[in-house]
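# Secondary and tertiary structure notes
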Amino acid sequence: MTASYEDGRGGRLNWRGLRNATLAWFQPLGPRILFGLRLAASVCLALFITYYLELQNAFWAATTAAIVCQPNLGASIQKGRFRAIGSGIGAVVIVALLAICPQQREPMLLLLAVFCGACAAAATLLRNLAAYAAALAGITGAVIFADTVTDPSSAAFLAIVRVGEICIGVGAACLVALLTDRGTAGRLLSQTVSRISVKLFRGFSADVASGSVTGRGRAERIEIARQLGPLNLAIDAAVGEQSLVGDRGQLRRIPMKLLDALTNWRNAAHGHDEAASMVGRGELLEVLGTIDTARLESDPAGLRRDCQAALAEIDGLRNRHAVSASLSDAAAAILRSLEASADGVLARGSLIGTGRAGWPAFPVIADPLPALVNGARTAAAVMCTAWFWVVTAWPSGPFAIVFAVIATLIFASFGDLARDLARDYTIGVTLMAVVGGVLYFGVLPAFSSFAALISVLSVLFVWLGAMQAGQWHSVVFLAMTISSLPLLGVGNPIVYDAAAYFNLALAIVTGSAVGALFFVAMPVIPPVVRARRLIALSARDLRRLMAGAWTPDRRRWTAIMARRIEVLPLQAAVEDAADLLALYAVGRAALRLEQAAPDVRTQRAVRTALKAFAEGRPFAARSMLVSWCRENRAVDATNDEARIVCQSDAAVIIDAIDNHAGLLAEPLRFWQLPGTAFK
């Protein structure tokens, strides 16, 4: 009896262990399967609506739903909005072009190529979701052109129908995303902000404690600067979530505050008055010790109050000259970045909003050359495919143009990854042509009801979605998702035609292959050249600022330099990132110098030094600034705050000249930029 009991207990333990092991094995697949279910639900809902409305080409709505549905829910909702905007713009433009050239095929093809090239350039210049809208404008224009090329007089009507189908797909995907919204993007953003802010605060505190410039602090500053790009992507995803009801401007302010904090930390680390401030470092460390960065996620409101109290104490240290101006400015900027991060975390719910805007509304262009290359590539791919269509009189040529546009536009803004992604996309389209042939000829003809159709499609899209949400060549399965419904010809009614299937499959594969080949024929600009151009453009803008030929405010200068630091290639050297940070620091110091000059004499001295700097005489400018600082210290007996600020900013410029003389020595003219950057 005891033996039986022990045997039964052992069996239960073995069964429980097997069950736990199985659950542990399947647990990582949970989010992927969930995305597959969400993708299948979006596609099936779009199909149901279009069948209910008796629209003929139901696959456009379902394809739109598949494209809009993304593994990240916030990105899905935001991309749905921007896709609707981009599709509307593309429809209006292509209808206007068809009205201008209703019977002239060659001019129409040229205008189509120019429009798609312009969309590719805009997709490279703009940020994140706005870039997505620009790409979709070109794709929508190509789709409407392919549908109306045989009858341009019906372009307006078909454009309305296509945009309506696209909006149905957008609405279906967004509805499914909203119903399954669990706030994942907001939590990921909070974790990203917390990680960056904690690293920034701890790195600065370590530098204050050491009392000297350390290579570790410099490496940490550059590493944090490289996180601006992923942080902006996380912000865009979080803004799209249903749960985010606070002030979005608070989120947009976080990267700018982080960049300001990094620059102030750099200025303090490169300062030359460490010995004079050693007495006050202990007091500053005590103030910083009152901040518990672990509360950023658990109690952001409390951390915000602690930062405000610490800022008041730092003001007291500054007034008593306990620490240097650069060190106190850096500590204050670090605390303000923590305060902005706490506001961003609070923005997931009800927020004590300030109403201040975040990133500027004006467009910020880091470097126009990659955009021009991408635009030329897309235009050339369209012209090549159109030429082949005209010469061979291929019935499916217009759809080959559509997929050539898709292959070049989707990956236009992916930089060094574009060629590999375009290759994977072509492989996925080719695989889908094979899988689609099996479904088209061997499975779908056996079913005659809508319920059976969506059952087959659900199985297909759950599998594709689970693979697309993984890490292994996800673009291959994205391509299969996009091309599946046009290949299967899911319309109302479904017509099975072998010749039409093979023609369409050949058009899709050919167009995608042409797009991928043009990434080889016209490769992206190498990372080393892109980094050199970003530095050269920044140096040119700095000299224009110094000369008074360009007068941006601090927000504009911060936005431009933040964008350039954000797009700096991962392969760029550490010195490249350090040069960009130095150029930003010098520009910000120059803007503050002119604004904070307390009298006419100081303004004249500052203007003369900055003009010498702009003319390519940085050492002459350094001598002027050193002389002015020496005279200013001799007469400074009134604790004039403006003079202290001017001295601190002048020290930043002097330090940059000492450490980046080669970068600042030669004046750079606009017409010299391409040659200088491509050496």
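A brief look at the structure comes next. Residue numbers run consecutively from 1 along every chain, following the written order of its sequence. Two thresholds apply to this predicted model, a pLDDT of at least 70 for residue-level local features and 80 or more for giving and counting side-chain atom pairs, whereas whole-chain, interface and lining totals are computed over all residues. Computation of side-chain values: all heavy atoms of the structure, hydrogens and water removed.

Okay, the packing of aromatic side chains next. Working definition: a ring pair exists when centres of Phe, Tyr or Trp rings (six-membered ring for Trp) sit within 6.5 Å. Plane angles under 30 degrees give stacked, over 60 give edge-to-face, the rest tilted. All told, the structure shown has 13 aromatic pairs when counted by the stated rule. Centre to centre, the rings of Phe 48 and Tyr 52 are 6.4 Å apart; their planes meet at 25°, and the pair counts as stacked. With Phe 48 and Tyr 52 both in helix H2 (residues 30–52), this residue pair falls four residues apart, about one helical turn. When accessible area is computed with a 1.4 Å probe and restricted to protein chains, residues below 20% of their type maximum are described as buried, those above 50% as exposed, and intermediate ones as partly exposed. You can call Phe 48 partly exposed: its relative accessible area is 45%. Taken together through their ring pairs, the aromatic side chains of Phe 48, Tyr 51, Tyr 52 and Phe 450 make up a single cluster. We note Arg 221 situated over the ring of Trp 265; from NZ or CZ to the ring centre the distance is 5.1 Å. We count a stretch as a helix when DSSP gives it H or I for four or more residues in a row; a strand needs E for two or more, and each element gets its number in order from the N terminus. Counted as over-ring charges are cases with an Arg CZ or a Lys NZ within 6 Å of the ring centre that also lie within 35 degrees of the ring normal.

The next subject is the environment of Leu 126. Its place among the elements puts Leu 126 in the loop between helix H5 (105–125) and helix H6 (128–148). Between the C-alpha atom of Leu 126 and that of Ser 413, which follows or precedes it by 287 residues, the distance is 9.2 Å. Here, two residues are considered to be in contact whenever any of their heavy atoms come within 4.5 Å of each other. Look past the residues within four positions of Leu 126 in its chain and what remains in contact with it is Ala 131, Ala 134 and Arg 563.

All right, on to a nonpolar patch on the surface then. Patch membership requires more than 30% relative accessible area and the absence of a salt bridge. Residues of like charge join within 9 Å; the nonpolar side chains Val, Leu, Ile, Met, Phe, Trp and Tyr join within 5 Å. Here the Shrake-Rupley method, with its probe set to 1.4 Å, supplies the accessible areas, and only the displayed protein chains count as covering residues. Any carboxyl oxygen of Asp or Glu that lies within 4 Å of a side-chain nitrogen of Lys or Arg is treated as forming a salt bridge with it. A contiguous nonpolar surface patch, about 370 Å² in accessible area, is contributed by Phe 48, Tyr 52 and Leu 53. Given the relative accessible area of 65%, Tyr 52 is considered exposed.

Next up on the list: helix H3 (residues 58–68). Counting buried residues in H3 gives eleven out of eleven residues, a clear majority hidden from the surface. Those residues of H3 that fall on the buried side of the exposure criterion are Ala 58, Phe 59, Trp 60, Ala 61, Ala 62, Thr 63, Thr 64, Ala 65, Ala 66, Ile 67 and Val 68.

Counting 90 residues, the largest nonpolar core has Phe 204, Leu 335 and Ile 653 as its most contacted members. The leading source of residues in this core is helix H24 (residues 574–596), at twelve residues. For Ile 653, the residues in contact, after removing those within four places along its chain, are Val 586, Ala 589, Ala 590, Leu 593, Leu 610, Phe 613 and Leu 625. Membership of the second largest hydrophobic core comes to 89 residues, among which are Leu 47, Ala 91, Leu 421 and Phe 519. By convention a nonpolar core is built from buried Ala, Val, Leu, Ile, Met, Phe, Trp, Tyr and Cys residues, the set being connected through side-chain atoms within 4.5 Å.

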